[in-house]
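Chain residues, written in single-letter form:
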Amino acid sequence: MSHKTFWAAMASSLVLLASSGCAVSRGQETVGAYVDDTGITTLVKSRFFEDKDMAGSSISVETLKGTVMLSGFAKSALERNKAESIARGVKGVMAVKNEIAIRP
């Protein structure tokens, strides 16, 4: 991962954390778990946008306790599978649930 991507992800994570008022949400036990999940989500999304074969804006990413949930639409099975592969490649991801529908 490039330094630019890393710092962009970190900045996005900090802004999201600050805007949430440091509240623990979605049943998570600690602020640390929330920060970790936010960082994972940010990294997955940034990698989608870095990949020229992905239409990252059509895919939603949510993370809870290290499990990434992908939803939305892909143009092909290849794009759907690539999104899952990208998500699995992010450090801290424990599992990926791929609910992306194919819509040509």
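In short, a report on the structure. (Residues numbered from 1 in each chain as written. Predicted model: local features only at pLDDT ≥ 70, side-chain atom pairs only at ≥ 80, totals over all residues. Heavy atoms only, no water.)

**Remarks on the pairing of strand β2 (residues 67-74)**
Inference 1: Here strand β1 (residues 59-64) pairs with β2 via six bridges, running antiparallel. Paired with Leu64 across the strands is Thr67, a residue of β2.
Inference 2: Hairpin connection from β1 to β2: two residues lie between these consecutive antiparallel strands, with Lys65 at a positive phi of about 55°.
Inference 3: Two strands pair when backbone bridges link them, and β2 and strand β3 (residues 95-102) are joined in this way by eight bridges, in the parallel orientation. (Pairing = 2+ DSSP bridges. Helix = DSSP H or I, 4+ residues; strand = E, 2+ residues; numbered from the N terminus.)

**Concerning the nonpolar core**
Inference 1: Core analysis: the largest hydrophobic core is formed by 17 residues, its most contacted members being Val44, Phe48, Val68, Leu70 and Ala83.
Inference 2: Breaking this core down by element, the ones donating at least two residues are α2 (31-50), β1, β2, α3 (77-88) and β3.
Inference 3: Looking at which element gives the most residues to this core, the answer is α2, with four residues.
Inference 4: When sequence neighbours within four positions are dropped, the list of residues in contact with Phe48 reads Met54, Gly56, Ile59, Val61, Leu70, Ala83 and Ile86. (Core = buried A, V, L, I, M, F, W, Y, C linked by side-chain atoms within 4.5 Å. Buried < 20%, exposed > 50% of the residue type's maximum accessible area, 1.4 Å probe, protein only. Contact = heavy atoms within 4.5 Å.)

**Thoughts on the sheet that holds β3**
Two modes of strand pairing occur in sheets, parallel and antiparallel, and in both the strands are linked by backbone hydrogen bonds.
Inference 1: Taken together, the three strands give an open sheet; going across it, the order is β1-β2-β3, and neighbouring strands pair in mixed fashion. In this open sheet, the two strands that pair with only one neighbour each are β1 and β3. Put simply, the sheet's adjacent strands are angled 10° from each other on average, direction ignored.
Inference 2: Against the sheet, α3 engages β1, β2 and β3, with an angle of about 160° to β3. (Axes fitted to C-alpha atoms, helices over the stretch in contact; angles between N-to-C directions.)

**Quick look at the pattern of salt bridges**
Inference 1: Under the counting rule described, the total for this entry stands at three salt bridges.
Inference 2: The shortest N-O distance in the salt bridge between Asp53 and Lys82 comes to 3.4 Å. Pair noted here: Asp53 is in the loop between α2 and β1 and Lys82 is in helix α3, with a separation of 29 residues, a long-range link.
Inference 3: Across the pair Glu84 and Arg88 runs a salt bridge whose closest N-O atoms are separated by 2.8 Å. Of this pair, Glu84 and Arg88 both sit in helix α3, four residues apart, roughly one helical turn.
Inference 4: For Glu84, a relative accessible area of 19% gives the class buried.
Inference 5: Given the relative accessible area of 46%, Arg88 is considered partly exposed.
Inference 6: Sharing partners across several salt bridges, the network here consists of Asp51, Asp53 and Lys82. (Salt bridge = Lys/Arg side-chain N within 4 Å of Asp/Glu carboxyl O.)

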